[in-house]
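# Report on the structure
Spelled out from the first residue to the last, the chains are:
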Amino acid sequence: MKAAVLHEVGGIPRYEDFPDPVPGDGEVIIDVKAVAVENVEKAIAAGTHYAAEKYIGHLPVIPAFDGIGALPDGTLVGFGNPRLPYGALAEKTVVAEGSYMPIPDGIDPSVATVMASAITAMSMSTAAVLAPGETVLVQGATGVAGRLAVKVARLLGAGRIVATGRDDDRLREVRDIGADTVINTAVPDEALAQAYLDARGDGYDVVADYLWGRPTQILLSALKPRTFAFGKPTRVVQIGESAGAGLALAAASLRTSGVEIYGASKGLDPQTMDEAYRRIVAWTRSGELTYDVEKVPLRDIEAAWQRTDLKGRRLVVIP
Ligand SMILES: NC(=O)c1ccc[n+]([C@@H]2O[C@H](COP(=O)([O-])OP(=O)(O)OC[C@H]3O[C@@H](n4cnc5c(N)ncnc54)[C@H](OP(=O)(O)O)[C@@H]3O)[C@@H](O)[C@H]2O)c1
């Protein structure tokens, strides 16, 4: 079969022949239909993500640990955790029976593979219990997941949406998809702190944070009341770390501001996960929630892997 093959950690996957996977006991072959390539796949391949350890013992290896494909009976499924060295970026892969779930009818595989990013935005509801009319701040709204979060915030009934990014043209696009106010974070610290304050209106109720690092540190610091006052609660949901894995959190940022910080998995159980998924599927099917994808054939993986011009569109590889 043809596959994207990574020969060394830090290398670029190459389109080449690879032995077909042979299923062992309790395993099933998947005919791969679509695979979203996210930063995490690139970080693993580059050796900068903790999961890279697992890869090193299996080189040459096929990257990507989830995707959309067909079972031998033709059922379209979302699958995860292929047995290494097999990954998702190939014509076929092999997973343990049960490491997949059916994709609802009427959802294209290239969209289905991006839906997971939209589901993270549902943490505004499951973790932060966003109520209709509340003000939302999306940190990292020019990215794929952040753009989806702006759309999902609107669908969840947010009253006002403030969105951040680093590029004015892309921030204009984010306005077009539903943000009321945008903030460019690529400004000096003090100017950014002031921009957060100027845009907050009555205060941010929910922050969907795909950034962490410098912008979120400045935000949390800016939310400290300047005078003695009861801070309005701001529920910060930590979802991604595009701007940094850590930040310095001043004690006063929590003590006096009313800020609450949650992980995106707060509030998740089988029932809330199922409900979040169903709502995303319903909005996707109805066309209320749209996805910006850039489809490329597997044979172009080497060039596609190195693209830097995607600007908020998800790279989706079609074997
Ligand atoms: N928990 C989950 O299941 C899940 C799912 C999807 C994503 N995520 C996480 O969410 C984050 C975003 O993912 P994505 O796929 O949307 O990535 P993406 O498309 O690359 O978007 C990244 C966003 O972060 C901004 N950004 C990047 N580096 C920055 C920096 N140094 N300072 C300030 N802003 C910066 C980008 O701004 P520009 O537009 O200016 O580049 C963009 O808005 C990642 O950490 C990802 O792992 C988590």
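Residues numbered from 1 in each chain as written. Predicted model: local features only at pLDDT ≥ 70, side-chain atom pairs only at ≥ 80, totals over all residues. Heavy atoms only, no water.

### Details of helix α6 (residues 144–155)
Here α6 contains 12 residues, and its C-alpha end-to-end distance of 17 Å stays within 8% of the 16 Å for a straight helix at 1.5 Å per residue. Counting buried residues along α6, 10 of its 12 residues qualify, which places the element largely inside the surrounding structure. Burial in α6 covers these residues: Val144, Ala145, Gly146, Arg147, Leu148, Ala149, Val150, Lys151, Val152 and Ala153. Of the residues trailing α6, Gly157 is marked for its positive phi of about 95°. (Helix = DSSP H or I, 4+ residues; strand = E, 2+ residues; numbered from the N terminus. Expected span 1.5 Å × (residues − 1). Buried < 20%, exposed > 50% of the residue type's maximum accessible area, 1.4 Å probe, protein only.)

### Quick notes on the environment of Gly24
By the element assignment, Gly24 lies in the loop between β2 (14–17) and β3 (27–37). A relative accessible area of 34% places Gly24 in the partly exposed class.

### Quick look at the domain arrangement of the chain
Split by domain assignment, the chain resolves into domain 1 (2–116 + 292–318) and domain 2 (123–263). Computed from C-alpha atoms alone, the centre-to-centre distance between domain 1 and domain 2 is 32 Å. On the domain 2 side, the residues contacting the 6 residues of domain 1 number 8 residues. Around 560 Å² of area is buried between domain 1 and domain 2 when both sides are counted, 50% of it from carbon and sulfur atoms. Per-residue buried area on domain 1 facing domain 2 is highest for Asp292, Lys311 and Gly312; these three make up 67% of the total on that side. Inspection of the domain 1/domain 2 interface yields 2 salt bridges. Here Arg147 and Asp292 are joined by a salt bridge, their closest N and O atoms 3.0 Å apart. (Domains from an automatic or database assignment. Contact = heavy atoms within 4.5 Å. Buried area = accessible area lost by both parts, 1.4 Å probe. Salt bridge = Lys/Arg side-chain N within 4 Å of Asp/Glu carboxyl O.)

### Brief notes about the site of the ligand
The environment of the ligand is made up of 20 residues, and the closest members are Thr142, Ala145, Arg166, Glu241 and Arg314. Separating an oxygen atom of the ligand from a side-chain N or O atom of Asn39 is a distance of 3.0 Å. For the ligand, an oxygen atom lies 2.8 Å from a polar atom in the backbone of Ala145. Elements with a minimum of two residues in the shell around the ligand: α4 (115–121) and α6. Partitioning the shell around the ligand into residue classes produces 7 nonpolar, 8 polar and 5 charged. Viewed by domain, the shell around the ligand spans two of them, domain 1 (2–116 + 292–318) and domain 2 (123–263), each represented by three or more residues. (Near = heavy atom within 4 Å. Polar contact = N/O pair within 3.5 Å; in protein donor to acceptor, adjacent residues only side chain to side chain. Nonpolar A, V, L, I, M, F, W, Y, C, P; charged D, E, K, R; others polar.)

### Section: the nonpolar core
Here is a general trend for soluble globular proteins: nonpolar side chains tend to be buried in one another's company. Met124, Val138, Val152, Ile280 and Tyr291 are the most contacted members of the largest nonpolar core, which totals 45 residues. Counting only elements with at least two residues in this core, the list comes to β3, α3 (109–112), α4, β8 (135–139), α6, β9 (160–165), β11 (206–209) and α11 (270–286). In terms of residue count, the dominant contributor to this core is α6 (7 residues). The residue makeup of this core includes at least three contributed by each of domain 1 (2–116 + 292–318) and domain 2 (123–263). Those residues within four positions of Tyr291 in sequence are excluded, and the remaining contacts are Val111, Val114, Met115, Ala118, Leu148, Lys151, Ile280 and Thr284. One finds Ile29, Ile30, Tyr55 and Val94 within the second-largest nonpolar core, a separate group that totals 37 residues. (Core = buried A, V, L, I, M, F, W, Y, C linked by side-chain atoms within 4.5 Å.)

### A closer look at the pattern of salt bridges
For the structure shown, the criterion picks out 17 salt bridges. Put simply, Arg172 and Asp169 hold a salt bridge, and the shortest N to O gap is 2.5 Å. In this pair, Arg172 and Asp169 both sit in helix α7 (residues 168–176), 3 residues apart, roughly one turn of the helix. Overall, Asp169 belongs to the partly exposed group, its relative accessible area being 48%.

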